[in-house]
Structures are given as C-alpha cells and as structure tokens.
Amino acid sequence: MSTITYNNKDKTPVQLGDRMTIRRFLFWKYFGTVVYVPGISPRREDMESANYRRICIKYDNGTFDSEDADVSGVLVHSKIKFSERQNDVESLQPTDIISEEDEYRQELERNNPPMTGIRLDQTDEVTQSKLAGLPNLPDGIAWPKNDDGLEMILLAQIHCPELPPNVGLPSEGTLFFFYDLDNWDKTKVIYTKEPLPKTPRQRVIPNKGPLKKYHDTNGCCVKFAAYESHASDVFEMGESEGHHFMLGYPLWIQRDEMPPDRVLLLQIDSDTTLNPDWMWGDAGRIYFLISSSDLAAENFDNVEFEMECY
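No experiment lies behind these values; they were computed from the predicted model shown.

A. Fine view of the overall build of the protein chain. A count of helical and extended segments in the protein chain gives three helices and 15 strands. Expressed as lengths along the three principal axes of its C-alpha atoms, the size of the protein chain is roughly 70 × 40 × 35 Å. Accessible surface for the protein chain amounts to roughly 15800 Å². Of this, 48% is attributable to carbon and sulfur atoms. Where the 32 positive side-chain charges of the protein chain centre and where its 52 negative ones centre are 6 Å apart.

B. Representation of the packing of aromatic side chains in the model. Tallied over the entire structure, the rule returns 13 aromatic pairs. Consider the rings of Phe176 and Phe178, whose centres lie 6.3 Å apart with planes at 15°: the pair is stacked. For the pair Phe176 and Phe178, one class covers both residues: buried. Three or more aromatic residues link up through ring pairs in this structure, and these residues are Phe177, Tyr179, Trp278, Trp280, Phe288 and Phe305. A cation over an aromatic ring shows up here: Arg54 above the ring of Tyr52, its NZ or CZ 4.3 Å from the ring centre. Lying over the aromatic face of Trp252, Arg255 brings its terminal NZ or CZ to 5.2 Å of the ring centre.

C. Spotlight on the environment of Asp70. Along the polypeptide, Asp70 turns up in the loop between strand E4 (64–68) and strand E5 (80–84). Taking relative accessible area as the criterion, Asp70 reaches 34% and is therefore assigned partly exposed. Taking the C-alpha atoms as reference, Asp70 lies 14 Å from Val37; in sequence the two are 33 residues apart. A polar contact is formed between the side chain of Asp70 and the side chain of Ser72, at a distance of 2.7 Å.

D. Expanded view of a nonpolar patch on the surface. A cluster of nonpolar side chains, namely Phe25, Phe27 and Trp28, defines an oily patch on the protein surface of about 480 Å² accessible area. Position of Trp28 relative to the elements: it lies in strand E2 (residues 28–36).

E. Region of interest: the sheet that holds strand E3 (residues 54–59). Taken in spatial order, the five strands line up as E4-E3-E2-E1-E5 in an open sheet, and their pairing is antiparallel. Bordering the open sheet on either side are E4 and E5, each of which pairs with just one other strand. Along the sheet, successive strands turn relative to each other by an average axial angle of 40°, direction set aside.

F. Main features of the side chain of Ser291. Locating Ser291 in the fold gives a position in strand E14 (residues 285–291). With near-sequence residues (within four places) excluded, Ser291 lies in contact with Asp261 and Arg262.

G. Representation of the nonpolar core in the model. By size, the foremost hydrophobic cluster in this structure holds 34 residues, and its most contacted members are Leu155, Phe177, Met246, Leu265 and Phe288. Among the elements of the structure, strand E6 (115–123), strand E7 (130–132), strand E8 (153–159), strand E9 (174–179), strand E11 (219–229), strand E12 (245–247), strand E13 (262–269) and E14 are those that each provide at least two residues to this core. Sort the elements by how many residues they give to this core and E8 lands first, with four residues. Look past the residues within four positions of Met246 in its chain and what remains in contact with it is Gly117, Ile118, Leu120, Ile158, Leu163, Leu169, Phe224, Leu264, Leu265 and Leu266.

H. Structural detail: the layout of surface pockets. Put simply, the largest pocket is a space of about 480 Å³. As for the largest pocket, its lining consists of 23 residues, and the residues nearest its centre are Leu108, Ala231, Val234, Trp252 and Arg255. Ranked by the residues each element gives to the lining of the largest pocket, the list is headed by helix H1 (residues 100–111), at four residues. Residues of the lining of the largest pocket, tallied by class, amount to 14 nonpolar, four polar and five charged.

I. Focus on H1. Between the first and last C-alpha of H1 there are 17 Å, a value that for 12 residues agrees with the 16 Å anticipated at 1.5 Å per step. Turning to H1, its buried residues number three or more, namely Asp102, Arg105, Gln106 and Leu108. Down the axis of H1, the buried set is contained in an arc of 155°. They therefore lie on one face. Residues of H1 that are exposed and angled more than 90 degrees away from the buried face: Glu100, Arg110 and Asn111.

J. Geometry of unusual backbone geometry. One non-glycine residue, Asn166, lies in the positive phi region at around 60°. One non-glycine residue, Asp261, lies in positive phi territory at about 50°. When you line up the elements, Asp261 lands in the loop between E12 and E13.

K. Main features of the side chain of His230. Along the polypeptide, His230 turns up in the loop between E11 and helix H2 (233–237). For His230, the side chain forms a polar contact with the side chain of Glu228, separated by 2.8 Å. Setting aside residues no more than four positions away along its own chain, His230 makes contact with Glu45, Glu109, Pro114 and Tyr249.

L. Inspection of the state of the cysteines at higher detail. Under the counting rule described, the total for this entry stands at zero disulfides. In this model Cys220 remains outside any disulfide bridge; the closest cysteine sulfur is found in Cys221, 7.1 Å from its own. Judged by relative accessible area, Cys220 falls into the buried class, the value being 14%.

Analysis parameters
- Residues numbered from 1 in each chain as written.
- Predicted model: local features only at pLDDT ≥ 70, side-chain atom pairs only at ≥ 80, totals over all residues.
- Heavy atoms only, no water.
- Helix = DSSP H or I, 4+ residues; strand = E, 2+ residues; numbered from the N terminus.
- Areas by Shrake-Rupley, 256 points an atom, 1.4 Å probe, with all protein chains shown as cover.
- Lys, Arg positive; Asp, Glu negative; His and termini not counted.
- Charge placed at Lys NZ, Arg CZ, Asp CG, Glu CD.
- Phe/Tyr/Trp six-rings, centres within 6.5 Å; stacked < 30°, edge-to-face > 60°.
- Buried < 20%, exposed > 50% of the residue type's maximum accessible area, 1.4 Å probe, protein only.
- Lys NZ or Arg CZ within 6 Å of the ring centre and 35° of its normal.
- Polar contact = N/O pair within 3.5 Å; in protein donor to acceptor, adjacent residues only side chain to side chain.
- Patch = residues over 30% accessible without salt bridge, like charges linked within 9 Å, V, L, I, M, F, W, Y side chains within 5 Å.
- Salt bridge = Lys/Arg side-chain N within 4 Å of Asp/Glu carboxyl O.
- Pairing = 2+ DSSP bridges.
- Axes fitted to C-alpha atoms, helices over the stretch in contact; angles between N-to-C directions.
- Contact = heavy atoms within 4.5 Å.
- Core = buried A, V, L, I, M, F, W, Y, C linked by side-chain atoms within 4.5 Å.
- 1 Å grid on protein atoms, 1.4 Å probe; cavity = no way out; pocket = protein on both sides within 12 Å on 5 of 7 lines; lining within 4 Å.
- Points joined across faces, edges and corners; volume = space filled by probe spheres on them.
- Nonpolar A, V, L, I, M, F, W, Y, C, P; charged D, E, K, R; others polar.
- Expected span 1.5 Å × (residues − 1).
- Arc of directions from axis to C-beta.
- Disulfide = S-S within 2.5 Å.

Have a look at this one:
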C-alpha cells in the first residue's frame, strides 16, 4: 500500500499530527491537524477500504473533515498545504464520532454485521454473464413481454458457474433479469439449467414506444468478485452510479434497512456509461429481493422488485 502524500512538488508524506492549511474557494483559509492517516491510525471503514483511502483533519474550530487520496496515494486536493510536524498527537479512533452522519453510520455497523457481497465488474474477457445487451435465451424459453406485447429489456444475464463458489447462489444454470421500460413495476426473473446458445436472441417485435431508441447493443460481459459488504457502504458509494451487486447490503436511496428475511439477489444501478438509457428515474437503483428459503430452494418465481430514486 502506497504512502499518502501531499499534492506538492516534493510529495511530502502525510503523518499523524501534521499541521496544515487548506484553502477553499478564493478567500477562506482553514487551519487544522491531521488526526487520521490510513496505514498508521486504527482502521476506520469510513476512511479506508478497497475502493478509497482518505485522511481526516480536525480543524482548529473543532470540526472534522476528510480528504481523499488518489490511487497512487496523492491527496486529490492541491490546496492542502503542509505547515509543520507535531509529535504525540492522538489518532482518531474507530469509535470516535465526527459528525451526525458518522453517528448513524456507526449505529448501522453495530446493528448489521458485515456479510459477503458479489460485485459485477465489467470485463473485456468473453464470459456468458452480461449486463444489458441481448439475452442468450435457450430456444424453448420465451422472451418476456410487457402489456403492449413488446419484449422487455435485459438487465442482467448471470451464468451461475461463473459465480464465486459457496456464497449461497446456484452453482449451475443461468439467471435472466428483465425489465419493462414502459412500466417500472413490471419485471421478470427466469432461471434455467438449459445450455445457453452462443448467439444472443434477436428481437421479433420491432422497437417502438419507449424501446424505439433503446440501445440494445450497449452491454458488456461481467466477471464476479466477492467483497466484504457493510450496511454503511451507502455513505461511501451511495451518491455515485455504476454499482451492480448480488448479495450483501443494498445501497438504499430511500429505505433504511432490508425488509425482514430478504436477501439482495441483484442490485442494478443507474449506469449511463454502460448504456445511455440506464437512468432509472432520477439517478435511481433497481433491487431484486428474494426470501432466504426461496433462494435455498432455487425458486425464483417469487422474486420481489423495488426501484428507488432521488
């Protein structure tokens, strides 16, 4: 793991206790002390993970703020200026509360232990799992249609042998997730153990209505990666798009907690980089939920659907 450094010519390493100044906007200048450095301080989930690393600054007025480092370890904010080095400054502790949001985040952590999630990562590798695009439906399975007789769009095709093993998902077969662009409450989940054809199914019904300009060809293959999911991840990732998951904690927008005895089968985020049509309401997300008993029985007939947006 690289050392966190200031964004200056010398790339001065950031140390616990550093005095610094930070300029915001044109005239506002703040003075503070570095009280958290990844790799030095006791680990806090709001300050470092596999996706981000940040320092915490305690300003002289008693408030706290965090500043992100880029992938190479350099602070993104170039207006943070190192002043002097101090010794014997106590580090921020994992249980210290630095804001109202942090208090709620820690409450979520106490009440919801970490669990395994599965991340869907875009890949240039050829896989049988995909996001968007056209489905590789076996010949004997009909393409789900909406109330107007139009074929629904494919959200995800999950080829189960490509999933990480021993996570509670099927080890064989394929899951297809379909969505009706014209009626946001209409979805269809299909699970089959039939072999997949090499060529995707083409639409029979000409595109019209909301499908007239839908980009069927904008999709990608995906590979899967297990990760440690936290209920508080919503604070770190909730405001950005492109987070597609199975299992783990959903990144809720309106709801606070998972309904009782429900498992996140799939979360599909708004993702206009993947497909320009993938904007669910106002930067929303789509969630497929399943009961633990149905998941164990590989029964996907009762999957529940929710869509939330800002």
